[in-house]
Amino acid sequence: MRLLLVEDNERLTTTLARGLRAEGYGVDVSHNGQEGLSRALAHPYAVVVLDIMLPGLNGFAVCERLRRSGSTVPILMLTAKNGEYDEAEALDTGADDYISKPFSYVVLIARLRALLRRGGATRPSVLTAGDLRLDPAARRCHHGVTEIRLTAKEFAVLECLARRPDEVVTKIDIIDEVWDHAFDGDVNIVEVYVRTLRRKLPSGPAAIQTVRGAGYRLVTTHA
């Protein structure tokens, strides 16, 4: 699951991006409003975290233009401390939630999870793949009543496949969704996570199938 962080404070951006990646999110970063708007329009992000004070376009303008374009992406806006007028304008321009600086990282993650539970118009809050149930907001996977313990990145890879059940998903597509725009490592890292998932997932209708020369498919129906 990939997020877009639009924030011009490089120190804060670095800290937030590192923490979000540790949670298993792919994170793209923009340091100005125009670039953030362009990226948000070009990619179906799960959430946009948007600061108000940005060079170029401010956060209000970015949010308003996204909504005018028809985008339903959940937007969490970062507002000034005690900025009640900022908070009101954030909601009026189409933000789904806001959090005031300085904020607790724990609270930020909780707000993001709440937005993901609500989701955009085209993102179901719970995914069902064969005999598996995935809750992206809570990062939990169940087989029947049994919970399958997955790391953040393992869950993200499985979620990527589960959002396109019975379709072939290439390694590049998985990297694009699970890692982030700046990833420049070996795409075969995907194989490592797929092997781990195969060990952890129980036998049943939902199985990860290798499609040689193409990618992977989460098969969700009985043969």
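In this text, all values refer to a predicted model and were calculated from it rather than measured experimentally. (Residues numbered from 1 in each chain as written. Predicted model: local features only at pLDDT ≥ 70, side-chain atom pairs only at ≥ 80, totals over all residues. Heavy atoms only, no water.)

Notes on the overall build of the chain
Then, number 1: When you go through the chain residue by residue, the secondary structure sums to 8 helices and 12 strands.
Then, number 2: Taking 2.2 N^0.38 as the reference for a compact globule, 223 residues should give roughly 17 Å; the C-alpha atoms of the chain span a radius of gyration of 18 Å, in line with that estimate.
Then, number 3: Over its C-alpha atoms, taken along the principal directions, the chain stretches across nearly 55 × 35 × 30 Å.
Then, number 4: Across the 223 residues in the chain, those meeting the buried criterion constitute 47%.
Then, number 5: When the accessible surface of the chain is summed, it comes to about 10900 Å², and 51% of that surface belongs to carbon and sulfur atoms.
Then, number 6: When the 29 basic and 29 acidic side-chain charges of the chain are each reduced to a single mean position, those positions are 6 Å apart. (Helix = DSSP H or I, 4+ residues; strand = E, 2+ residues; numbered from the N terminus. Rg over C-alpha atoms; globule rule 2.2 N^0.38 Å. Buried < 20%, exposed > 50% of the residue type's maximum accessible area, 1.4 Å probe, protein only. Areas by Shrake-Rupley, 256 points an atom, 1.4 Å probe, with all protein chains shown as cover. Lys, Arg positive; Asp, Glu negative; His and termini not counted. Charge placed at Lys NZ, Arg CZ, Asp CG, Glu CD.)

Focus on the confidence of the model for the chain
Then, number 1: Considering every residue of the chain, the mean pLDDT works out to 86; 91% of them sit at 70 or more.
Then, number 2: Here helix H4 (residues 84-92) stands out as the least confident element of the chain, with mean pLDDT 83; strand E3 (residues 47-51) is the most confident, with 94. (pLDDT = per-residue confidence, 0-100.)

Examining the packing of helix H6 (residues 152-162) against helix H7 (residues 171-178)
Then, number 1: It is at 10 Å that the axes of H6 and H7 come closest, and there the two elements cross at 125°. Between H6 and H7, the angle is such that the two are oblique. Our pair here, H6 against H7, has a crossing hand that is right-handed. Of the residues in H7, those in contact with Lys153, Ala156, Val157, Cys160 and Leu161 of H6 are Asp173, Ile174, Glu177 and Val178.
Then, number 2: Considered class by class, the residues forming the contact of H6 with H7 number 6 nonpolar, no polar and 3 charged. (Axes fitted to C-alpha atoms, helices over the stretch in contact; angles between N-to-C directions. Parallel < 35°, antiparallel > 145°, perpendicular 65-115°, else oblique. Left-handed = near helix turned anticlockwise from the far one by under 90°. Contact = heavy atoms within 4.5 Å. Nonpolar A, V, L, I, M, F, W, Y, C, P; charged D, E, K, R; others polar.)

Describing the packing of helix H2 (residues 33-42) against helix H3 (residues 59-68)
Then, number 1: Between H2 and H3, the least distance of the axes is 10 Å, while the angle of their chain directions is 25°. It follows that H2 is roughly parallel to H3 by the angle criterion. In this structure, H2 crosses over H3, and the sense of that crossing is right-handed. Residues Gly33, Gln34, Leu37, Ala40 and Leu41 of H2 touch H3, and the partners they reach there are Val62, Arg65 and Leu66.
Then, number 2: Partitioned by chemical class, the residues of the contact of H2 with H3 number 5 nonpolar, 2 polar and 1 charged.

Observations regarding the UniProt feature "modified residue: 4-aspartylphosphate" (unreviewed entry) in the chain
Then, number 1: The residues that UniProt annotates with the feature "modified residue: 4-aspartylphosphate" (unreviewed entry) are Asp51.
Then, number 2: Topologically, aspartate 51 is positioned in strand E3.
Then, number 3: Look at aspartate 51 and you get buried, because its relative accessible area is 5%.
Then, number 4: The residues touching aspartate 51, leaving out its near neighbours within four places in the chain, are Val6, Glu7, Asp8, Gly59, Leu78 and Lys101. (UniProt positions renumbered as here; feature names shortened; annotations may be inferred.)

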